[in-house]
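# A closer look at the structure
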Amino acid sequence: MMEHNHNYGASNSDSTRLDADAVAKHLVLVINPGSTSTKIAIYRGMEPEVELSLQHSTEELAQFKGVFDQYEWRRDIILKTLVDNNIDINSLSAVIGRGGLLSPREPLQSGVYEVNEQMIEELRCCTPQHASNLGAVIASEIASRCGVKAYIADPIVVDERLEMAKVTGIKEIRGRSIWHALNQKATARRYADEIGRRYEDLNLVVVHMGGGISVAAHKAGRVIDCNNALDGEGPIAPERAGTIPAGALIDLCYSGRYSHAEARALIVGKGGLVSLTGSSSMIEIPQRAANGDKEAELALDTMIYGIIKHIGQMAAAMRGEVDAILLTGGIAHSRLVTDRISDYCRFIAPIEIYPGENELQSLAMNAIRVLAGQIEAKNY
């Protein structure tokens, strides 16, 4: 089991075609809006020149009724920050934003997409709303001001699953694909590059562990199955309830104790470790467990056990033919978690660790691949 640093490069299948001098001339603005922050970066080629996390207080956000009401406010903060850091937007080669909760009519394949009006309209109208929906919209406006193109890459609704992975036991309900596609795909490509093979020739189980947890089966460059990490499917997570017994959940929803919004919050936001321990902190909870807090210890064990079980499911979906298991996301910094997973799952395949979310790097990498002519941006 090896822990890797955060230095991302192009995938092995394309790296030989990238000219270092040609790549270095491109300046890319990366925009990643989150619920309480807006992260931005300026990359010259594959090297970051500026990386900033602009924090938004509860009081600042309270003035807005919905996510899209924050649009102009967040845009202006980004533009002011660029000026304060002596960055001329007219020197940009491209702008890339985090992809949001799109609702495409057809399953969305992974890749880089040029932002267009249809995409922006879907992001404005889709439900539920999420701060990441602002990424493409803000990127589009800034790009138009300086005469370059705006992109998104591997949005969270990428859907390459097998048809039978989408069917549920209720005909009116189809499983929805919402997962950490951006970091999972970038991590998988990075691993392929490091071992000198193509991502498309590997079978990988990739686990992103953050506020939500997604576990996916990457078979020959396609994610054939994954859990819906936004709606709480899969393992319990710091802020997600995980898969709940359906009958008990229905009874709770009709108990009269919760409104529709309150019931959804039990699944996303107030579920998982928050519900079981009162905290989502992966610093605090292990410390509490180490100090004899049995409630914290059981909650932590349950989360890790759920991850282990879902790794086994995804390995089975690929007939046990797994080249490696990749652990990524913020929780991958925890040796307690990664060691426990390794103890259970190393019989399946070697385990590699890539701590952190790496979203800014992943977005920049995808934009550079387009600018360098390595791949073509897709039409949405």
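My aim in this report is to walk through the structure given alongside it, one point at a time. (Residues numbered from 1 in each chain as written. Predicted model: local features only at pLDDT ≥ 70, side-chain atom pairs only at ≥ 80, totals over all residues. Heavy atoms only, no water.)

Here we take up empty space enclosed by the protein. A full pass over the atoms with the stated rule returns one cavity of 30 Å³ or more. Volume-wise, the largest cavity comes out at about 30 Å³. Together, Arg98, Ile156, Trp179, His180, Ala181, Leu182, Asn183 and Glu359 line the largest cavity. In terms of residue count, helix α7 (residues 181-195) provides more of the lining of the largest cavity than any other element does, three residues in total. Residues of the lining of the largest cavity, tallied by class, amount to four nonpolar, two polar and two charged. (1 Å grid on protein atoms, 1.4 Å probe; cavity = no way out; pocket = protein on both sides within 12 Å on 5 of 7 lines; lining within 4 Å. Points joined across faces, edges and corners; volume = space filled by probe spheres on them. Helix = DSSP H or I, 4+ residues; strand = E, 2+ residues; numbered from the N terminus. Nonpolar A, V, L, I, M, F, W, Y, C, P; charged D, E, K, R; others polar.)

For the rest of this paragraph, the subject is the sheet that holds strand β9 (residues 213-219). Across a sheet, paired strands are connected by hydrogen bonds in the backbone, their directions being either parallel or antiparallel. Spatial ordering of the open sheet is given by β1-β12-β11-β8-β9-β10, a layout of six strands whose pairing is mixed. Edge positions in the sheet fall to β1 (2-3) and β10 (222-226), since each of these pairs with one other strand and no more. Bridging between strand β11 (residues 324-329) and strand β12 (residues 351-355) involves five bridges; their strand directions are parallel. Note that in β12 the partner of Gly329 across the bridge is Pro355. Sitting on the sheet, α7 touches β8 (203-209), β9, β10, β11 and β12, and the angle it makes with β11 is about 130 degrees. The strands touched by helix α13 (residues 335-345) are β1, β8, β11 and β12; relative to β12, the strand with the most contacts, the crossing angle is about 160 degrees. (Pairing = 2+ DSSP bridges. Contact = heavy atoms within 4.5 Å. Axes fitted to C-alpha atoms, helices over the stretch in contact; angles between N-to-C directions.)

A rise of 1.5 Å per residue sets the reference length of helix α14 (residues 359-371), with its 13 residues, at 18 Å; its end C-alpha atoms lie 19 Å apart and thus fit the reference within 8%. Turning to α14, its buried residues are Glu359, Leu360, Gln361, Ser362, Leu363, Ala364, Met365, Asn366, Ala367, Ile368, Arg369 and Val370. After α14 finishes, the residue Gly373 shows a positive phi value of roughly 75 degrees. (Expected span 1.5 Å × (residues − 1). Buried < 20%, exposed > 50% of the residue type's maximum accessible area, 1.4 Å probe, protein only.)

Approximately 1300 Å³ is the volume found for the largest pocket. If you go around the largest pocket, you meet 44 residues; those closest to its centre are Ser35, His130, Leu230, Glu239 and Arg240. At four residues, helix α9 (residues 260-267) tops the list of elements feeding residues into the lining of the largest pocket. Split by residue class, the lining of the largest pocket holds 17 nonpolar, 19 polar and eight charged. Volume-wise, the second largest pocket comes out at about 1100 Å³. In terms of lining residues, the second largest pocket is bounded by 33 residues, among which Thr168, Ile173, Asp231, Glu233 and Leu249 are the most central. Class assignment for the residues of the lining of the second largest pocket results in 14 nonpolar, 11 polar and eight charged.

Summed over all chains, the structure comprises two aromatic pairs. Seen from their ring centres, Phe64 and Trp73 are 5.2 Å apart, and the 45 degrees between their planes marks the pair as tilted. Between Tyr113 and Tyr380, the ring centres sit 6.2 Å apart and the planes meet at 80 degrees, which makes this aromatic pair edge-to-face. Taken as a pair, Tyr113 in strand β6 (residues 112-114) and Tyr380 in the segment after α14 lie far apart in primary sequence, 267 residues in all. Taken individually, Tyr113 and Tyr380 each receive the classification buried, so the pair is uniform in this respect. Its end group placed over the ring of Tyr71, Arg75 keeps NZ or CZ at 5.6 Å from the ring centre. Positioned above the aromatic ring of Tyr71, the side-chain terminus of Arg124 is 6.0 Å from the ring centre. (Phe/Tyr/Trp six-rings, centres within 6.5 Å; stacked < 30°, edge-to-face > 60°. Lys NZ or Arg CZ within 6 Å of the ring centre and 35° of its normal.)

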